[in-house]
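# Structural features, examined
Now for the letters of each chain:
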Amino acid sequence: MTEKTRKGLLVDFGGVLTTDVFASFAAFCEQEGLETGTVRDRFMKDPRARELLADLETGKLTEEQFEPKFAAVLEVSPDNLVDRLFAGMRPDEQMLAALEAARRAGVKTGLISNSWGKGRYDRSKFPELFDGVVISGEEGMRKPEPRMYELGAERVGLNPADCVFVDDLPFNLKPARALGMATVLHRDADQTIPELERLLGVSLS
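Residues numbered from 1 in each chain as written. Predicted model: local features only at pLDDT ≥ 70, side-chain atom pairs only at ≥ 80, totals over all residues. Heavy atoms only, no water.

### With respect to the packing of aromatic side chains
This is how the line gets drawn: Centres within 6.5 Å make a pair out of two Phe, Tyr or Trp rings, where for Trp the six-membered ring is used; the pair is then stacked when the planes are under 30 degrees apart, edge-to-face when over 60, and tilted otherwise. Helical segments are the DSSP runs of H or I of at least four residues, strand segments are the runs of E of at least two, and each set is numbered from the N terminus. Relative accessibility thresholds used throughout: buried, under 20% of the residue-type maximum; exposed, over 50%; partly exposed, between the two (1.4 Å probe, protein chains only).
Within the structure shown, the criterion is met by 13 aromatic pairs. Ring geometry for phenylalanine 25 against phenylalanine 43: centres 6.1 Å apart, planes inclined by 55°, an arrangement best described as tilted. Within this pair, whereas phenylalanine 25 is found in helix H1 (residues 21-32), its partner phenylalanine 43 is found in helix H2 (residues 38-45), the two being separated by 18 residues in sequence. The same class applies to phenylalanine 25 as to phenylalanine 43, namely buried. Ring geometry for phenylalanine 66 against phenylalanine 70: centres 5.2 Å apart, planes inclined by 25°, an arrangement best described as stacked. Of the two residues, phenylalanine 66 and phenylalanine 70 both sit in helix H4 (residues 63-74), 4 residues apart, roughly one turn of that helix. Considered together, phenylalanine 66 and phenylalanine 70 belong to a single accessibility category, that of buried residues. Linked through ring pairs, Phe22, Phe25, Phe43, Phe66, Phe70, Phe86 and Trp116 together constitute an aromatic cluster.

The structure is reproduced here in C-alpha cells:
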C-alpha cells in the first residue's frame, strides 16, 4: 500500500537546520582538553547535567544561570560557555533551501525545537521559513512531551497525521509517530531530502 502524501513538514532546529550539534560539542571538548564525548555523555548519563539541560530547555534557567552550573559539572570556565559549546555549529544551507522549497510548493512548515535560550535563533528568517513555531522555553515543556508535537501541527493548521516530523534524535521521533506523523531520522541532507520528497510528493531541489 502506498503511503499517503503529507501536507505539513515539521522540523527540529539544532542538528537538522544546522550542522551536527554533537560534532560541535566534541570540538569544544577537544579545545578544553576533555575526552571527546564528555558533553554528550554528561547529558545522557549524569543526573545533574540532565536536570540542568531540562531546566534550560523549559525556560526554568536562563543561559546565564545555566552556564556556571554546567561549567562546574564539566570543570571548565563558565565564561560564554553556551557560545563555546555551539561554536562549531553552522546553518545547513541545503536543509534550509529544502524547507523553503517545500513551503513554496504549498507544504505547511513548522519548527518544533528544544531551546537553549531566546538568542539562539535568527528570528528574522522565521516568517520566510515557518507557518508555525513551537519553542520549548516559551511553552514550559520540551520534546519528547507529546503536546509539543500536537502544538506543532495545530500551529500550521493541520492534523498530526497530515505531517512529517524530522529530528536528529531517535527518541524525539517516537511521540510523533504515536500521533500518526510520518517521521524522518535526520543524518544528513542527502538522505533526508529524498525521503521528504517521497513523503510530501514535491520536489525540494
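### So, the pattern of salt bridges
Here is the rule we go by: Any Lys or Arg side-chain nitrogen found within 4 Å of a carboxyl oxygen on Asp or Glu counts as a salt bridge.
The tally for this structure, following the rule as stated, stands at 15 salt bridges. Between lysine 143 and aspartate 12 there is a salt bridge whose closest N-O contact spans 2.8 Å. Of this pair, lysine 143 sits in the loop between helix H8 (136-139) and helix H9 (146-155) while aspartate 12 sits in the loop between strand S1 (8-11) and H1, and the two are 131 residues apart along the sequence. Residue classification places lysine 143 among the buried residues on the basis of a relative accessible area of 2%.

### Side note on the packing of helix H6 (residues 93-104) against helix H11 (residues 189-200)
Short version of the rule: Axis angles are defined between N-to-C directions and span 0 to 180 degrees, where every axis is a line fitted to C-alpha atoms and, for a helix, only to the segment in contact. With respect to orientation, any angle under 35 degrees is reported as roughly parallel, any angle over 145 as roughly antiparallel, any angle of 65 to 115 as roughly perpendicular, and every other angle as oblique. In this scheme, a crossing is called left-handed if the near helix is turned counterclockwise away from the far one by less than a right angle; it is called right-handed if the turn is clockwise. Any two residues having at least one pair of non-hydrogen atoms within 4.5 Å are treated as being in contact. We call Asp, Glu, Lys and Arg charged. Ala, Val, Leu, Ile, Met, Phe, Trp, Tyr, Cys and Pro are nonpolar, and the rest, Gly among them, are polar.
Close contact between H6 and H11 brings their axes to 10 Å; oriented N to C, the two are set at 15°. Considering their axes alone, H6 and H11 lie roughly parallel with respect to each other. The handedness of the crossing between H6 and H11 is right-handed. Contacts between H6 and H11 involve Gln94, Met95 and Ala98 from the former and Ala189, Asp190, Thr192 and Ile193 from the latter. Residue composition of the contact of H6 with H11, by class: 4 nonpolar, 2 polar and 1 charged.

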